[in-house]
Amino acid sequence: YSLFFSPACSTTHLISCFGPDTTSVSSWRIAPVRFTNNISKKADMRVLFPRAVFLLLLVSSSIAFNRCLLPSSTGRHTRLFKDFPKPNVEDTDNYRAAESLSKKFSNNTPTTPKSVAVIGGGLSGLACAKYLAEAGHKPKVYEARDVLGGKVSAWQDADGDWIETGLHIFFGAYPNMMNLFSELGIHDRLQWKVHKMIFAMQELPGEFTTFDFIPGIPAPFNFGLAILMNQKMLTFGEKLQTAPPLLPMLVEGQDFIDRQDELSVTDFMRKYGMPERINREVFISMAKALDFIDPDKLSMTVVLTAMNRFLNEDNGLQMAFLDGNQPDRLCAPMRSSIEANGGEVHLSSPVKEIVTKEDGTVDHLLMRDGEKVVADEYVSAMPVDILKRYVPKRWQNMPYFRQFDELEGIPVINLHMWFDRKLNSVDHLCFSRSPLLSVYADMSTTCKEYLSSTESMLELVFAPCSPIAGGDVNWIARSDEEIIDATMGELARLFPTEIANDPRYPSTSNQSPQGTAKLKKYAVVKVPRSVYAAVPGRNKYRPSQTTPVPNFTLAGDWTSQKFLGSMEGAVLGGKLAAEVIVDKDRGVVRPVKEVQRHVVDSSAAHVAKEPAGVK
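The structure displayed is predicted, hence computed values, not measured ones. (Residues numbered from 1 in each chain as written. Predicted model: local features only at pLDDT ≥ 70, side-chain atom pairs only at ≥ 80, totals over all residues. Heavy atoms only, no water.)

**Student:** What exactly am I supposed to notice about empty space enclosed by the protein here?
**Tutor:** Scanning all chains against the criterion turns up four cavities of 30 Å³ or more. Its volume calculated, the largest cavity comes out at about 70 Å³. Looking at the largest cavity, the residues that line it are Glu 164, Leu 167, His 168, Phe 321, Leu 322, Gly 324, Gln 326, Met 443 and Cys 447. Counted by class, the lining of the largest cavity contains five nonpolar, three polar and one charged residues. (1 Å grid on protein atoms, 1.4 Å probe; cavity = no way out; pocket = protein on both sides within 12 Å on 5 of 7 lines; lining within 4 Å. Points joined across faces, edges and corners; volume = space filled by probe spheres on them. Nonpolar A, V, L, I, M, F, W, Y, C, P; charged D, E, K, R; others polar.)

**Student:** Just checking my understanding: could you explain the packing of aromatic side chains for this structure?
**Tutor:** What describes a pair of aromatic rings is the distance from one ring centre to the other and the angle between the planes of the rings. Summed over all chains, the structure comprises 17 aromatic pairs. Plain terms: the ring middles of Trp 395 and Phe 401 are 4.9 Å apart, the flat faces sit at 20° to each other, and that makes the pair stacked. Of note, Arg 478 hangs over the ring of Trp 475, and the distance from its end group to the ring centre comes to 5.3 Å. Lys 521 extends its terminal NZ or CZ atom over the ring of Trp 418, reaching a point 4.6 Å from the ring centre. (Phe/Tyr/Trp six-rings, centres within 6.5 Å; stacked < 30°, edge-to-face > 60°. Lys NZ or Arg CZ within 6 Å of the ring centre and 35° of its normal.)

**Student:** When you look at helix α4 (residues 93-106) in this model, what are you seeing that I'm missing?
**Tutor:** For an α-helix the count is 3.6 residues per turn, leaving residues at separations of three or four pointing the same way. Here α4 contains 14 residues, and its C-alpha end-to-end distance of 20 Å stays within 8% of the 20 Å for a straight helix at 1.5 Å per residue. When we look at burial in α4, the residues that qualify are Tyr 95, Ala 98, Leu 101, Ser 102 and Phe 105. Projection of α4 onto a plane perpendicular to its axis shows the buried side chains occupying an angular sector of 125°, all on one side. (Helix = DSSP H or I, 4+ residues; strand = E, 2+ residues; numbered from the N terminus. Expected span 1.5 Å × (residues − 1). Buried < 20%, exposed > 50% of the residue type's maximum accessible area, 1.4 Å probe, protein only. Arc of directions from axis to C-beta.)

**Student:** For this particular structure, what's the right way to read the sheet that holds strand β5 (residues 170-171)?
**Tutor:** Whenever strands of a sheet pair, they do so through backbone hydrogen bonds, lying parallel or antiparallel. The antiparallel open sheet is built from three strands, whose spatial order is β5-β9-β6. Here the strands that pair on one side only, and so sit at the sheet edges, are β5 and β6 (190-192). As paired strands, β6 and strand β9 (residues 319-322) are joined by three bridges and run antiparallel to one another. Counterpart to Gln 191 in the pairing with β9 is Phe 321. (Pairing = 2+ DSSP bridges.)

**Student:** I keep staring at the nonpolar core and nothing clicks. Help me out?
**Tutor:** General note: in soluble globular proteins, nonpolar side chains tend to be found buried as a group. Ranked by internal contacts, the top residues of the largest apolar core, which has 141 residues, are Phe 170, Met 177, Phe 283 and Phe 552. Among the elements that make up this core, the one with the highest residue count is helix α18 (residues 567-585) (nine residues). In this structure, Phe 170 is in contact with Met 177, Met 178, Phe 181, Leu 190, Trp 192, Gln 318, Met 319, Ala 320, Leu 322, Gln 326, Leu 330 and Met 567, ignoring residues within four places of it in sequence. (Core = buried A, V, L, I, M, F, W, Y, C linked by side-chain atoms within 4.5 Å. Contact = heavy atoms within 4.5 Å.)

**Student:** Just to check I follow, could you spell out the environment of Asn 539 for this structure?
**Tutor:** Examined against the element boundaries, Asn 539 turns out to sit in the loop between β19 (519-527) and β20 (552-554). On the basis of relative accessibility, which here comes to 24%, the residue Asn 539 falls in the partly exposed class. It is 9.0 Å that separates the C-alpha atoms of Asn 539 and Leu 407, two residues lying 132 residues apart in sequence. If sequence neighbours within four positions are ignored, Asn 539 has contacts with Asp 258, Asp 261, Thr 301, Tyr 532 and Lys 593.

**Student:** Whenever I open this one, helix α11 (residues 276-291) confuses me. Can you help?
**Tutor:** The sharpest bend along α11 comes to roughly 45°, located at Phe 283. Within α11, burial applies to Ile 278, Asn 279, Glu 281, Val 282, Phe 283, Ser 285, Met 286, Ala 287, Lys 288 and Asp 291. Where α11 is buried, its residues meet β7 (196-200), α8 (236-252), α10 (265-271), α12 (300-311), β16 (430-431) and β17 (437-442). Positioned one or two residues after α11, Phe 292 has a phi angle of 60°, which is positive. (Bend = angle between axes of the 7 residues up to and from the residue.)

**Student:** Quick question: what am I supposed to make of the pairing of strand β18 (residues 457-462) here?
**Tutor:** In summary, the side chains of a regular strand alternate between the two faces of the sheet. Counting buried positions over the six residues of β18 gives six, a clear majority of the element. Alternating residues of β18 divide into Met 457, Glu 459 and Val 461 and Leu 458, Leu 460 and Phe 462, and every residue in both groups is buried. Pairing between strand β15 (residues 412-419) and β18: six bridges, direction antiparallel. Bridge pairing links Ile 413 to Phe 462 in β18. Two elements, β17 and β18, share four bridges in a ladder whose sense is antiparallel. Note on β18: the bridge partner recorded for Ala 441 is Glu 459.

**Student:** What is the right way to look at unusual backbone geometry in this model?
**Tutor:** What you tend to see is this: most non-glycine residues have negative phi, and most peptide bonds are trans. A cis amide bond, omega 0°, links Ala 219 with the succeeding residue Pro 220. Within the fold, Pro 220 resides in the loop between β8 (208-212) and α7 (221-229). Omega for the bond connecting Ala 463 with Pro 464 falls within 30 degrees of zero, at 0°, which places this linkage in the cis form. Mapped onto the fold, Pro 464 is located in the loop between β18 and α17 (480-494).

Okay, here's the thing in structure tokens:
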């Protein structure tokens, strides 16, 4: 946008661009001006970044001075019950790359259609099968459980209420997921929310503050302005101290990001002299939302990767909720696409063993019911912790498979809590900034299928919940009652005038008579091994989709791909696995990612055993 780069640009010019209604940030607009892609060049960034920061400072200072222009971003939010139009997520390089990969499958004509057995019916397994079927191959998905989705699976309780494995949010910066919704024709199932981030105020119970993204301002300046305009979380000086350490991320890109994997978020902050309060105000909630881990345990590469994706796309951080349960609203259309193109999906079909030939290739899958599944190609879309228990004895001394020992899933707990009346919540995701909770949402407000005007259903992510994630208590081993009591104490802080003093939950004993909302029922979903634990130094052990076994390929969000352990990463991991098989059919063999030297050196000494399997 030329107003950011014109030498004659002034604060008066910037402010004059806003429309006449300045009573809310969401009504602001910037005069549309053509924006070039030159910002991606390192030389341009070195010139533009300081100028843009200076202009953002002028804007934010003017806004702070003219209080009439910016309503307070704190206070009790009222219910919105409003979805926003789908943002433009297609006009990005990442989206175009994802679209190009999808077209590679749909335009493919196989030399010899291959039968492919895909183990696992989560998002990655379903994505792999969908694109293989579109490419003319014959995939069959084998899911052990009676429900699809894996980490996004859900089921109904005795009352007919849906219980979800996790609270799942869709971001504008999810290019493969956005492509998938377009391909399936289900974009209307995403409920987009206003472009902002909402944080609970730890020191002011019941109060919230926001990062507001002004429409029309391009990335990364919209994020910078959102932070500068917020007057509650960081001081002006702290904001200035935050920017310089992040500048190399914008200038050097992924090379700089990858080099930070040996540092935790806390280590990175201290190395670059960032104030400790930034950790308390921002990074704790960010780390727990990204990987359910505290900042002293989380690799800085994860945070920088997310920021790099979100900051470089205008609508990258805009969030959407699915309008209902994941199995029906997302997994079912994926299954229909697979079956429409000649593939198959089988539920309640657990694998007992991956049986190999003497040369180490896969001979067949032995199912738990005794059936033998024979295919040309085999794909594992299982989580790393489960796959470890299936690795055949013949493979166990291969360095490729030994590096799995360096990876493990992180524990997480998802909570559903139904209250007997409507809480004064927001139509959005909230970052709780609580010691025990990561993020939460009132699903009776944000999601059409769960909509209620008289009662609230909160879905919350309880994290960190074990020492590996930085927690002091192993909550995974605690009873459901203990977990709910601890959560009620946190909700009493988030809703101090609404949660009742309930004798069933001692943590609410200090609540005033003003609070009247009582818990009707709850569900506790414990996932002992969720997404891979992105602790420092782990990224280099994430394996390629290509394996040293000629007819065996890996899918999954934990495999090597650039979108972390997430729904986006799962879909991309599945697409990349499908690409390995499609290319192989065309005579192109993709290389195996290099394994770390110390893993190679120690692999031969490993004592191979019969795989334990999963009961």
